[in-house]
Amino acid sequence: MKIAILTSGILPVPAVRGGAVENHIDFYLKYNHEHHLHDMTVFSVWDENITGHPALESDANHYVYIEVKSLMAKIRKNLHYKIHGEKYYHYTIEYYFREAWKRLTKQHYDIILLDNRPGYAAGMEVPAGTSLYLYLHNDLLNSQTKAAQEIYDKASRILTVSDYIASCVRTINPNDTKCIPILNGIDTEAFSPTAKTSITRRQMGFTDDDFIMVFSGRVTPEKGVRELIEAITRLKDHPRMKLLIIGSPFYGDTADEDEFVKALKLQAKPVEDRIRFTGFIPYSQMPDYLRISDVAVIPSLWDDPCPNTVLEAQAVGLPIITTRRGGIPEEVTEEGAVMLTTDENFTANLTSAILDLYLHPEKRLAMGKASLAHSAYYNKQRYAEDFFKAIG
């Protein structure tokens, strides 16, 4: 089949600037390149780092790029805004969609897959003989979504990253038969606990006797970082407890020192010798930081759809402290993770969970083994196979 993948219009594919969604696109495109299942064309924003990327040499996958950062593109985006205003998303995203759609419709495709941008379907005229698929990585289509019924009706299939996201879609139609959950996958070999690590505890200012907790992901309020720092502050009588906070507000494109991060560092002052803020770390280095840690803490306060940070920690064989939010309970087991409820007692319970694992190394060891065993399912090969089964 001929398949067009219309990406979200924010980060480029190949994933030269990171992004969980973009990395998953790379996974199934690589699988398609190796197995020649379909003729696939990806429409993406352009980025100068793509030049010379080996993925562009594929004979099964093709790439069409839309320039959105040049002076001419900025002029055209502003003109687009003056003519069309804000129709669904931000006008810069809608400009990208319009330009990609003009190129896409010059050829016939059996399937057009809208990746994490279902609003593009609003007002869209799907070409005859073409099926429209949606791929949802976030809660972007539910009964409260603008033009929800129109978007739902146009879709032939709706791929979701978790049962949780599928349940959001089913608020539109409780008898839904379109949703197909595909749980995320990662490069489990890259995150193997036995792989060589280029970063040492000493380089990070830690000792072999320290109990290192690691948080990784976007450093934003809904990720629970503020509550995690509060828990460490409450445990000030245990100086061997250390915390690595890895990430920035939005991948590598946003300055680490936004107002929220500044507030976190001020909050951490009483225990600043025990907390390390690394800022953005290239994805290729993430396994090294996880491997020097003892416990992964993923204290999401929002309905995280299917966070890769959970899968990465499991693949390294870390015990996990996390929350019962969104799709997280679908990713872990009770044997490998402590799952907390985000109620009024959350910070106190988070503090207790950390202390419990600190005081019981044998429990950490058992949970780590359970995490590692469970992680085997979440490899990129299984993910790509499930994706193509869902495509049909």
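Sequence positions are assigned chain by chain, starting from 1 and proceeding in written order. For a predicted model such as this one, the threshold for reporting local features is a pLDDT of at least 70, and the threshold for listing and counting side-chain atom pairs is 80 or more; totals across whole chains, interfaces and linings nevertheless cover every residue. To obtain the side-chain values, all non-hydrogen atoms of the structure were used and water was disregarded.

### Side note on the side chain of Glu331
Only runs of H or I of at least four residues qualify as helices and only runs of E of at least two qualify as strands under DSSP, and these elements are numbered from the N terminus. Along the polypeptide, Glu331 turns up in helix H10 (residues 328-331). Burial status follows relative accessibility: with a 1.4 Å probe on protein chains alone, a residue under 20% of its type maximum counts as buried, one over 50% as exposed, and anything between as partly exposed. When charges are tallied, Lys and Arg are placed among the positive residues and Asp and Glu among the negative ones, while His and the ends of the chain are skipped. Salt bridges are defined by distance alone: a side-chain nitrogen of Lys or Arg within 4 Å of a carboxyl oxygen of Asp or Glu. No salt bridge is formed by the buried Glu331; the nearest opposite charge belongs to Arg382, separated by 8.7 Å. In this analysis, two residues are considered to be in contact whenever any of their non-hydrogen atoms come within 4.5 Å of each other. With near-sequence residues (within four places) excluded, Glu331 lies in contact with Cys306, Pro307, Val310, Leu311, Gln314, His374 and Tyr378.

### Considering unusual backbone geometry
Both trends apply: most residues other than glycine have a negative phi, and most peptide bonds are in trans. Note the cis peptide between Val13 and Pro14, where omega equals 0°. Relative to the helices and strands, Pro14 resides in the loop between strand E1 (2-6) and helix H1 (20-35). The phi dihedral of Asn116 falls on the positive side, at around 60°, and the residue is not glycine. If you trace the backbone, Asn116 turns up in the loop between strand E4 (111-115) and strand E5 (131-136).

### Examining the environment of Gly85
As for its position among the elements, Gly85 is in the loop between helix H2 (71-84) and helix H3 (91-104). With 252 residues separating them along the chain, Gly85 and Ala337 place their C-alpha atoms 47 Å apart.

### What to know about the sheet that holds strand E7 (residues 179-181)
What makes two strands pair is DSSP finding at least two bridges between them. Strands sit in the order E3-E2-E1-E4-E5-E6-E7 across an open sheet of seven strands; the sheet is parallel. Among the strands making up the open sheet, the edge pair consists of strand E3 (61-66) and E7. The average undirected angle you get between the axes of adjacent strands in this sheet is 20°. Bridge analysis of E4 against E5 gives five bridges, and the strand direction is parallel. When the bridges of E5 are listed, Ile112 appears paired with Leu132. Note on geometry: axes are lines fitted to C-alpha atoms, helical ones only across the stretch in contact, with angles between N-to-C directions running from 0 to 180 degrees.

### Regarding the sheet that holds strand E8 (residues 211-216)
If you trace the six strands from one edge of the open sheet to the other, you get E10-E9-E8-E11-E12-E13, paired in parallel fashion. The open sheet has two free edges, formed respectively by strand E10 (275-279) and strand E13 (337-340), since each of these has just one partner strand. Adjacent strand axes in the sheet meet at a mean angle of 20° when their direction is disregarded. Pairing of strand E12 (residues 320-323) with E13 involves four bridges; the strand directions are parallel. If you follow Thr322 over to E13, its bridge partner there is Met339.

### Here's the deal with a nonpolar patch on the surface
Exposure above 30% relative accessible area and the lack of any salt bridge qualify a residue for a patch; like charges then connect within 9 Å, and the nonpolar side chains Val, Leu, Ile, Met, Phe, Trp and Tyr within 5 Å. Exposure was quantified through the Shrake-Rupley algorithm and a 1.4 Å probe, taking into account, for residues, occlusion by the shown protein chains and nothing else. Taken together, the side chains of Leu71, Met72 and Ile75 present a nonpolar region at the surface, about 330 Å² in accessible area. Inspection of the secondary structure assignment puts Ile75 in helix H2.

### Overview of the layout of surface pockets
If a probe the size of a water molecule is rolled over the atoms, the empty space left behind becomes visible. As defined here, a cavity is a set of points on a 1 Å grid over the protein atoms alone where a 1.4 Å probe fits but cannot get out. A pocket is an open set with protein on both sides within 12 Å along at least five of seven lines, and residues line them when an atom is within 4 Å of a point. Grid points are joined across faces, edges and corners, and a volume is the space filled by probe spheres set on the points. In this structure, the second largest pocket encloses a volume near 460 Å³. Lining the second largest pocket are 20 residues, with Asp26, Phe27, Lys30, Tyr31 and Lys380 positioned closest to its centre. If one sorts the elements of the lining of the second largest pocket by residue count, H1 sits on top with eight residues. Three classes are used, and their members are as follows: Ala, Val, Leu, Ile, Met, Phe, Trp, Tyr, Cys and Pro are nonpolar, Asp, Glu, Lys and Arg are charged, and the others, Gly among them, are polar. Residue composition of the lining of the second largest pocket, by class: nine nonpolar, six polar and five charged.

### Overview of empty space enclosed by the protein
Inspection of the entire model under this criterion finds one cavity of 30 Å³ or more. In this model, the largest cavity occupies a volume close to 40 Å³. As for the largest cavity, its lining consists of Phe215, Ser216, Lys223, Ile298, Pro299, Ser300, Asp304, Pro307 and Thr309. Residue composition of the lining of the largest cavity, by class: four nonpolar, three polar and two charged.

### Re the packing of aromatic side chains
The criterion for an aromatic pair is that two Phe, Tyr or Trp rings (for Trp, the six-membered ring) have centres within 6.5 Å, with stacked assigned to planes under 30 degrees apart, edge-to-face to planes over 60 apart and tilted to the rest. Across all of its chains, the model carries 14 aromatic pairs by this definition. Taking the centre distance of 5.1 Å and the plane angle of 90° together, the rings of Tyr377 and Tyr378 count as edge-to-face. Exposure remark for Tyr377: the relative accessible area of 41% places this residue in the partly exposed category. Ring geometry for Phe387 versus Phe388: centroids 5.1 Å apart, planes at 85°, classification edge-to-face. Taken together, the aromatic side chains of Tyr28, Tyr31, Tyr135, Phe387 and Phe388 make up a single cluster linked through ring pairs.

### Considerations on the pattern of salt bridges
Think of it this way: side chains of opposite charge can pair up when their charged atoms draw near. Enumeration over the complete set of coordinates arrives at 19 salt bridges. The partner of Glu48 in a salt bridge is Arg17, with the nearest N and O atoms 3.4 Å apart. Taken as a pair, Glu48 in the loop between strand E2 (39-45) and E3 and Arg17 in the loop between E1 and H1 lie far apart in primary sequence, 31 residues in all. With a shortest N-O distance of 2.8 Å, Asp303 and Arg325 are connected by a salt bridge. One end of the pair, Asp303, is in the loop between strand E11 (295-298) and helix H9 (308-316); the other, Arg325, is in the loop between E12 and H10, and 22 residues separate them in sequence. Residues joined in a network through salt bridges with shared partners are Arg17, Asp47 and Glu48.

### Things to note about the packing of helix H6 (residues 225-234) against helix H7 (residues 259-267)
Between H6 and H7, the shortest axis-to-axis distance is 10 Å and the interhelical angle comes to 10°. Taken as axis vectors, H6 and H7 run roughly parallel relative to one another. For the pair formed by H6 and H7, the contact residues are Val225, Arg226, Ile229 and Glu230 on the first element and Phe260, Leu264 and Gln267 on the second. These descriptions rest on fixed angle ranges, namely under 35 degrees for roughly parallel, over 145 for roughly antiparallel, 65 to 115 for roughly perpendicular, and the rest for oblique.

### With respect to the packing of helix H11 (residues 346-359) against helix H12 (residues 361-375)
Running from amino to carboxyl end, H11 crosses H12 at an angle of 100°, the nearest separation of the two axes being 5 Å. Between H11 and H12, the crossing angle belongs to the class labelled roughly perpendicular. Here Asp356, Leu357, Tyr358 and Leu359 of H11 lie close against H12, whose contacting residues are Pro361, Lys363, Arg364 and Met367. Here the residues of the contact of H11 with H12 sort into five nonpolar, no polar and three charged.

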